[in-house]
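Residues per chain, in single letters:
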Amino acid sequence: MSDRIVRLIGLTGGIATGKTAISNYLADACGFPILDADIFAREAVSPGSPILDSIVKRYGAGILLPDGNLNRPELGSIIFCNADERQWLEQQIHPYVRRRLVEETQSYIAASSLVSQDTQDLGKKTQEIGFFHQKLERSIVEKKSGFCAKVDTLTLVLVVPLLFEANMTDLCTEIWVVYCSPEVQLERLMQRDGLSYDRANARINAQLPLAQKCQQADVVLDNSSTLDSLFQQVDVQLSRCEI
């Protein structure tokens, strides 16, 4: 079996800087699998889960909606104003999120090994059949989800807003940070979530400063302009796998 490259992109940044825009582009335009920490965090507090039970014990039944789901705005009003409470909550959720990211990453890698073997077997057969079928094999490989076209590379995108804060950088082979100016970030967050200036600032300040994240990044993507400009920067980084 030929060597296969596994590219694990850790996509992070500040709140409302454009992580979702990039992850959607990588999924839709490139076919890369997206592992979203926010989705796993929601799983962690689903009705009946041990973590949700712990949250209810700590804050009371008023932290739940009538349907039994977590009242996220109510919880947010607590943790974004109290660092100790935020730390307690993260200690409950982050281990679960990490475990799910590892499980899903391993699952994709295992599946890609089967795909790689299948395409190699197909390649042996097409050597006997001719050029037309070699082109067919190449087309199949290029369309496999998460594979770069010119090398046998599996690319997964791990979208983890608190990648640095939760010490999950070891799950990635490279780190992409989405950046925009603090003024643009604040304005976007206020508009997106309907927050007041003070509440939006509290959410931004609950995370590691963007400047510090950029210093630790392998790639910094500037989302202060248009989406076209942002996606062009993404394309440049993706071209690194076209060996």
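Higher on the page you've got the structure.
Calculation rules
- Residues numbered from 1 in each chain as written.
- Predicted model: local features only at pLDDT ≥ 70, side-chain atom pairs only at ≥ 80, totals over all residues.
- Heavy atoms only, no water.
- Phe/Tyr/Trp six-rings, centres within 6.5 Å; stacked < 30°, edge-to-face > 60°.
- Helix = DSSP H or I, 4+ residues; strand = E, 2+ residues; numbered from the N terminus.
- Buried < 20%, exposed > 50% of the residue type's maximum accessible area, 1.4 Å probe, protein only.
- Core = buried A, V, L, I, M, F, W, Y, C linked by side-chain atoms within 4.5 Å.
- Contact = heavy atoms within 4.5 Å.
- Salt bridge = Lys/Arg side-chain N within 4 Å of Asp/Glu carboxyl O.
- Pairing = 2+ DSSP bridges.
- Arc of directions from axis to C-beta.
- 1 Å grid on protein atoms, 1.4 Å probe; cavity = no way out; pocket = protein on both sides within 12 Å on 5 of 7 lines; lining within 4 Å.
- Points joined across faces, edges and corners; volume = space filled by probe spheres on them.
- Nonpolar A, V, L, I, M, F, W, Y, C, P; charged D, E, K, R; others polar.

Participant: For this particular structure, what's the right way to read the packing of aromatic side chains?
Facilitator: Aromatic ring pairs are defined here through the distance separating the ring centres and the angle between the ring planes. Applying the stated rule across the entire model yields two aromatic pairs. Where Y59 meets W88, the ring centres are 6.0 Å apart and the plane angle is 90°; that geometry is what we call edge-to-face. Separated by 29 residues along the polypeptide, Y59 in helix α3 (residues 50-59) and W88 in helix α5 (residues 83-129) bring together distant segments of the chain. Residue classification places W88 among the buried positions, given a relative accessible area of 15%.

Participant: Before we go on, may I ask you to explain the nonpolar core in this structure?
Facilitator: Residues I55, I93, V97, L101 and M168 are the most contacted members of the largest nonpolar core, which totals 36 residues. Among the elements of the structure, α2 (37-44), α3, α4 (72-79), α5, β3 (153-159), β4 (174-179) and α9 (210-215) are those that each provide at least two residues to this core. Tallying contributions element by element places α5 first for this core, with six residues. Sequence-distant contacts of V97, defined by excluding residues within four places in its chain, comprise A37, F40, A41 and M168. Residues I9, V159, V219 and F231 belong to the second largest nonpolar core, which totals 16 residues.

Participant: Please clarify how the pattern of salt bridges should be interpreted in this entry.
Facilitator: A side chain with one charge can pair with a side chain of the opposite charge if their charged atoms come near. Within the structure shown, the criterion is met by nine salt bridges. For E43, the salt bridge identified is with R100, shortest N-O distance 3.0 Å. With E43 in helix α2 and R100 in helix α5, this residue pair connects regions lying 57 residues apart in the sequence. We note a salt bridge from R192 to D193, for which the minimum N-O separation is 2.9 Å. A relative accessible area of 52% places R192 in the exposed class. For D193, a relative accessible area of 37% gives the class partly exposed. One salt-bridge network, in which partners are shared between bridges, spans E43, R99, R100, E103 and E104.

Participant: Could you clarify how one ought to interpret unusual backbone geometry in this entry?
Facilitator: One non-glycine residue, A16, lies in the positive phi region at around 65°. One can find A16 in the loop between β1 (5-13) and α1 (19-30). Phi is positive for N167, close to 55°, though the residue is something other than glycine. With respect to the element layout, N167 can be found in the loop between β3 and β4. Judged by relative accessible area, N167 falls into the exposed class, the value being 59%.

Participant: Which parts of the structure should I look at to understand the pairing of β1?
Facilitator: The side chains of a regular strand alternate, residue by residue, between the two faces of the sheet. Most of β1 is tucked away: seven of the nine residues are buried. One ladder, built from seven bridges, connects β1 with β3; its direction is parallel. Looking at the pairing, V6 lines up with L154 of β3. Pairing between β1 and β4: five bridges, direction parallel.

Participant: In this structure, what is going on with helix α8 (residues 197-205)? I would like to understand it.
Facilitator: The periodicity of an α-helix, 3.6 residues per turn, causes residues three or four positions apart to be oriented the same way. Regarding α8, the residues found buried are A200, R203 and I204. Within α8, the buried residues cover an arc of 100° as seen down the axis, which keeps them to one side. Set apart from the buried face of α8 by more than 90 degrees, the exposed residues are D198 and N205. Looking at the buried residues of α8, the elements they touch are α4 and α7 (182-193).

Participant: So what exactly am I meant to see when it comes to the layout of surface pockets here?
Facilitator: The volume enclosed by the largest pocket comes to roughly 1400 Å³. If you go around the largest pocket, you meet 44 residues; those closest to its centre are I15, D38, F80, P161 and Q207. Sorting the residues of the lining of the largest pocket by element identifies α1, β2 (34-36), α2, α4, α5, α7 and α8 as the ones contributing at least two each. Broken down by element, the lining of the largest pocket gets its largest block of residues, six residues, from α5. Across the lining of the largest pocket, the residue classes tally to 24 nonpolar, eight polar and twelve charged.

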